[in-house]
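An overview of the molecular structure
Now for the letters of each chain:
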Amino acid sequence: MADTKEVNEAQAQDEQQSQKTIKLIIKRQDDAESNPYEEEFEIPYKENLNVIACLMEIRRNPINSKGEKTTPVIWDMNCLEEVCGACSMVINGKSRQSCTAIIDQLEQPIKLEPMSTFPVIRDLQVDRSRMFDNLKRMKAWVPIDGTYDLGPGPRMPEKKRQTAYELSKCMTCGVCLEVCPNVTRDNDFIGAQAISQVRLFNLHPTGSMTKDERLNALMGVGGLQECGNSQNCVNACPKGIPLTTSIAALNRETSFHMFKSFFGSDHQVN
Ligand code: FES
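A brief report on the enclosed structure follows.

Thresholds applied
Residues numbered from 1 in each chain as written. Predicted model: local features only at pLDDT ≥ 70, side-chain atom pairs only at ≥ 80, totals over all residues. Heavy atoms only, no water. Helix = DSSP H or I, 4+ residues; strand = E, 2+ residues; numbered from the N terminus. Buried < 20%, exposed > 50% of the residue type's maximum accessible area, 1.4 Å probe, protein only. Contact = heavy atoms within 4.5 Å. Areas by Shrake-Rupley, 256 points an atom, 1.4 Å probe, with all protein chains shown as cover. Lys, Arg positive; Asp, Glu negative; His and termini not counted. Charge placed at Lys NZ, Arg CZ, Asp CG, Glu CD. Polar contact = N/O pair within 3.5 Å; in protein donor to acceptor, adjacent residues only side chain to side chain. Core = buried A, V, L, I, M, F, W, Y, C linked by side-chain atoms within 4.5 Å. Domains from an automatic or database assignment. Axes fitted to C-alpha atoms, helices over the stretch in contact; angles between N-to-C directions. Parallel < 35°, antiparallel > 145°, perpendicular 65-115°, else oblique. Nonpolar A, V, L, I, M, F, W, Y, C, P; charged D, E, K, R; others polar. Pairing = 2+ DSSP bridges.

Now for the overall build of the protein. Helix and strand content of the protein: nine helices and seven strands. Expressed along its principal axes, the backbone C-alpha trace of the protein runs to roughly 95 × 50 × 40 Å. Looking at the 270 residues of the protein, the share that counts as buried comes to 39%. Considering only contacts in the protein between residues 6 or more positions apart, those separated by 24 or more positions represent 63%. About 15700 Å² of surface is accessible on the protein, with carbon and sulfur atoms providing 50% of the total. Computed over 31 positive and 36 negative side-chain charges, the inter-centroid distance for the protein is 6 Å.

As for its placement among the helices and strands, serine 246 is situated in helix H9 (residues 243-263). Polar side-chain contacts of serine 246 include one of 3.0 Å to the side chain of serine 196. Excluding anything up to four places from it in sequence, serine 246 contacts Leu167, Ile195, Ser196 and Arg199.

Another aspect to go through is the nonpolar core. The biggest cluster of nonpolar side chains holds 34 residues, and the ones touching the most others in it are Met138, Ile190, Ile195, Leu218, Leu243 and Leu250. Listed by contribution, the elements that provide at least two residues to this core are helix H3 (129-137), helix H4 (158-167), helix H5 (175-179), helix H6 (191-203), helix H7 (211-218) and H9. The dominant element in this core, judged by the number of residues it contributes, is H6, at seven residues. Viewed by domain, this core spans two of them, domain 1 (2-126) and domain 2 (129-262), each represented by three or more residues. In this structure, methionine 138 is in contact with Ile190, Ala194, Val198, Arg214, Ala217 and Leu218, ignoring residues within four places of it in sequence.

Running from N to C, H7 and H9 point in directions that differ by 100 degrees, and their axes come no closer than 10 Å. By the criterion of interaxial angle, the relationship of H7 to H9 is roughly perpendicular. Along the contact surface, H7 presents Lys211, Asp212, Leu215, Asn216 and Leu218, while H9 presents Leu250, Glu253, Thr254, His257 and Lys260. Here the contact of H7 with H9 is composed, by residue class, of three nonpolar, three polar and four charged.

Let us look at the pairing of strand E3 (residues 88-91). The side-chain alternation of E3 yields two buried faces, one formed by Ser88 and Val90 and the other by Met89 and Ile91. Relative to strand E4 (residues 94-97), E3 is paired through four bridges, and the arrangement is antiparallel. The residue bridging valine 90 from the neighbouring strand is serine 95, located in E4. Taking the residues between adjacent antiparallel strands as the criterion, E3 and E4 are bridged by two residues, where asparagine 92 takes a positive phi near 50 degrees. Here E3 runs beside strand E5 (residues 110-113); their pairing, made up of two bridges, is antiparallel. Of the residues in E5, the one forming a bridge with valine 90 is glutamate 113.

Taken by themselves, the reported measurements are silent on function.
Shown next, in the form of structure tokens:
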């Protein structure tokens, strides 16, 4: 008798779940030039879905909540485990990665928008080239001679290595730029991400050989001086990178570098 009751309860639960839906409102844009518009979707509920799984379901069956056939929604993704940073978007008003945004933890209807700091390519897909260009400007790499095997590199003291490890978690996702009031579509401010990467590569024993070039780049147009110290970046970073500590450290380093350049051997007053 108890078994029948349990089976009935389970059946009722299954039925209830099969009737549940997930409602999404997606800000769409057909191409870089066209005007954005909103489109609503309602898809069947399943447990433990993330936002990307919902977008995949819409792509498989692109019918909006009015029952009209529409175009599949476009977005970027790659690793699906919050490592590559490609899937960043604004979910219910908060910029974050869609691969780790679990539906059961979100309020419905779930509103998806592209990040506003970057030019929209289509729908939720944005062009983050700005960030990669900034990394090139800041020489965010360790210069090595790749023509022959150099053997193991110099060892780093443990404390430095731990700091470098934290900084190396950056995935160029764009969230710190999206939340920064000083980064706009029309200005050149590089934002916390590139600043923190300068710190990372200047910490490296080999990378520090080109430290001055990075500091010079950091003091150029759109550099460190544009930071308004809002601290939004450090609160929003999905990897918990100590971005404001990096900014403070580089403020000190650039000031010292400036004095050194001014009074140093490069700029001797006759
Ligand atoms: S797909 Fe790589 S961070 Fe989400």
